[in-house]
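The primary structure of each chain is shown beneath.
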Amino acid sequence: MFLSRIPINPARRDTRKFLASPQVIHAAVLSAFPPDTPGPASGEGRVLWRLDQRDATIHLYVVSPHEPDFTHIVEQTGWPTTAAWATRKYDQLLDTLTTGQRWHFRLTANPVRSTLDRTRTENTGRHVKDRGKIAGLSAAEQLDWLRRKATRAGFILTECGPEDQREDDVRLIARDTLRFQRHNTPVTLSVATFEGTLTVSDPILLRAALTGGIGRAKGYGCGLLTIAPTQ
């Protein structure tokens, strides 16, 4: 596995179009790999990406099972003559995961709930299957969503604060609704970015989450969990 970071130049003309559509970024990221590159079905992992924006600084993070070539993204939206991209082997970090470790984390996700499918009977007596619908969540519900996902992803949210006021060290630093076109079809995504401290509870499950993503809409900049040493 590989982890890459690409600096994005907000002053470039093509950057506005690039940032406006997760579909455009999705296509650009996949173009970093040859057409015959094996996909997730091969068992080698999948390509995940996330945009991190802090003030005027923008970085595109990508996790991939194969080493990428982001020349086209740098030429269109970066600094072609002064700054390229950085790629490192991700397994060197993944192999160090052990139970009880604490890491700073960031995750941009698509926290939603699915209404259960149900069968209703029309006046004609015919049974009709209602398909499940996807619903967005409030800020508090998004944090609860993360807590549920954490258990299945091999970590727990680290508690902090005085003994009588312990609470999870997690912040919901951004919430947004993205609207864009996918093959002339409108797409709407509810997106939330979480940041905080996690404690490893199951290294195998956490490794799977770091390389396979968490939640839905992984092709559109959601699901990529990254970790860094705590200060």
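Data block above holds the structure.
Residues numbered from 1 in each chain as written. Predicted model: local features only at pLDDT ≥ 70, side-chain atom pairs only at ≥ 80, totals over all residues. Heavy atoms only, no water.

Trainee: Report on helix α6 (residues 203-212), specifying residues and quantitative values.
Mentor: Along an α-helix, residues three or four apart share an orientation, since each turn contains 3.6 residues. All of the buried residues in α6 are Leu206, Ala209, Leu210 and Thr211. Those residues of α6 hidden inside the fold are in contact with β2 (48-54), β3 (57-64), α4 (91-94), β10 (155-157), β14 (185-200) and β15 (225-229). Structurally, the start of α6 carries an N-cap: the backbone nitrogen of Ile204 is 3.0 Å from a side-chain oxygen of Asp202. Two residues or fewer after α6 comes Gly213, characterised by a positive phi angle close to 90°. (Buried < 20%, exposed > 50% of the residue type's maximum accessible area, 1.4 Å probe, protein only. Helix = DSSP H or I, 4+ residues; strand = E, 2+ residues; numbered from the N terminus. Contact = heavy atoms within 4.5 Å. Polar contact = N/O pair within 3.5 Å; in protein donor to acceptor, adjacent residues only side chain to side chain.)

Trainee: Could you give an account of the pairing of strand β13 (residues 170-182), with specific residues and numbers?
Mentor: Here 12 bridges tie β13 to β14, and the two strands are oriented antiparallel to one another. In the strand pairing of β14, Thr177 is matched with Ser190. (Pairing = 2+ DSSP bridges.)

Trainee: Tell me about the sheet that holds strand β1 (residues 2-8), and name the residues and values.
Mentor: An order of β2-β3-β1-β4 is seen for the four strands of this open sheet, with the pairing classed as antiparallel. The open sheet has two edge strands with one neighbour each: β2 and β4 (86-89). Within this sheet the neighbouring strands show an average axis-to-axis angle of 15°, counted without direction. Packed onto the sheet, helix α2 (residues 22-30) meets β2 and β3 and runs at close to 125° relative to β2. (Axes fitted to C-alpha atoms, helices over the stretch in contact; angles between N-to-C directions.)

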